[in-house]
Amino acid sequence: MATIAELLPDLAFVADGGALVREIEHYLATLPAPARPITAPLICPLGQAPVAWDLGMPRPRTTLLDRARRRTPAPVPIDTATHLRLLSRYLTVHGWCQGALWDERGRRCLLGAQLAVLAAGYGTPATAMDARRHLMEQFTRQERSVRSVDQWNDAPGRTAAEVHRQLDIAQSRATHH
């Protein structure tokens, strides 16, 4: 490990620069070790700082009446395209799974992600149903035998990339609908 003297620039032009470096090193050596480690931002396994899936969205606000009645705040109104975009963002952050609403690692299927977006206070059940309608239209265009979003989600060989691609297409159609 390099000493402080090796890391500092040459202080030869300062009168007795070496003595100053030794004095600083001596002072630093007398300081107690930190009680707790220095906190650094969390890094996810992929090497990126974690990002909130709803970043940039207005959060539901609790009013005084909500607090007095001990109820959840009114949901943030969003359109179908925004709901589909939030689904994709939620699945990007938390992961996608098949065969269950969510698994032990916190990953969600399409329906589980819809429930999470609704529970976070974005949109209404009507918005979620409209999003599912757009997804079903998208799925049945490609494969007539699909009977539900959940059946499509749980099909063998399905990948997260396909899920995100279909969400993007459905979002684009909902935007221009």
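Shown above is the structure to which this text applies.
Residues numbered from 1 in each chain as written. Predicted model: local features only at pLDDT ≥ 70, side-chain atom pairs only at ≥ 80, totals over all residues. Heavy atoms only, no water.

Go over the overall build of the chain, please, and point to the residues and values.
Within the chain, the regular secondary structure consists of eight helices and zero strands. What you see in the chain, going N to C, is helices and strands ordered as α-α-α-α-α-α-α-α. Burial statistics for the chain: of 177 residues in total, 31% are counted as buried. In the chain, of all internal contacts separated by at least 6 residues, the share reaching a separation of at least 24 is 58%. (Helix = DSSP H or I, 4+ residues; strand = E, 2+ residues; numbered from the N terminus. Buried < 20%, exposed > 50% of the residue type's maximum accessible area, 1.4 Å probe, protein only. Contact = heavy atoms within 4.5 Å.)

Please set out helix α8 (residues 160-175) residue by residue, giving values where relevant.
With 16 residues, α8 should reach 22 Å at 1.5 Å per residue; the first-to-last C-alpha distance of 22 Å fits that figure. Of the residues making up α8, those classed as buried are Val-163, His-164, Gln-166, Leu-167, Ile-169, Ala-170, Gln-171 and Ala-174. Looking at the buried residues of α8, the elements they touch are α4 (80-94), α5 (110-119), α6 (125-142) and α7 (149-153). (Expected span 1.5 Å × (residues − 1).)

Kindly report on the nonpolar core, identifying the contributing residues and their values.
Grouped together as the largest cluster of nonpolar side chains are 26 residues, with contacts concentrated most on Leu-84, Leu-110, Tyr-122 and Leu-167. Those elements that provide at least two residues to this core are α4, α5, α6, α7 and α8. Among the elements that take part in this core, α4 stands out by supplying six residues, more than any other. The residues touching Leu-110, leaving out its near neighbours within four places in the chain, are Leu-87, Leu-91, Phe-139, Val-149, Trp-152, Asn-153, Val-163 and Leu-167. (Core = buried A, V, L, I, M, F, W, Y, C linked by side-chain atoms within 4.5 Å.)

Can you tell me about the packing of α4 against α8, naming the residues and giving the values?
Their axes nearest at 8 Å, the elements α4 and α8 cross at an angle of 165°. Judged on the interaxial angle alone, α8 and α4 are roughly antiparallel. You can see that α4 and α8 cross each other, and the crossing is left-handed. Contacts between α4 and α8 involve Thr-80, Ala-81, Leu-84, Arg-85, Leu-87, Ser-88, Leu-91 and Thr-92 on the former and, on the latter, Val-163, His-164, Leu-167, Asp-168, Ala-170, Gln-171, Ala-174 and Thr-175. (Axes fitted to C-alpha atoms, helices over the stretch in contact; angles between N-to-C directions. Parallel < 35°, antiparallel > 145°, perpendicular 65-115°, else oblique. Left-handed = near helix turned anticlockwise from the far one by under 90°.)

A description of the packing of aromatic side chains should follow, citing residues and the corresponding values.
Going through the model one piece at a time under the given rule, you end up with three aromatic pairs. Pairing Trp-53 with Tyr-90 gives two aromatic rings, centres 5.1 Å apart and planes at 75°, and the pair type is edge-to-face. Taken together, the positions of Trp-53 in the loop between α2 (17-30) and α3 (64-69) and Tyr-90 in helix α4 put the pair 37 residues apart, joining distant regions of the chain. Given a relative accessible area of 10%, Trp-53 falls into the buried group. You can call Tyr-90 buried: its relative accessible area is 7%. Site record: aromatic cluster; members linked through ring pairs are Trp-53, Tyr-90 and Tyr-122. Positioned above the aromatic ring of Trp-152, the side-chain terminus of Arg-158 is 3.9 Å from the ring centre. (Phe/Tyr/Trp six-rings, centres within 6.5 Å; stacked < 30°, edge-to-face > 60°. Lys NZ or Arg CZ within 6 Å of the ring centre and 35° of its normal.)

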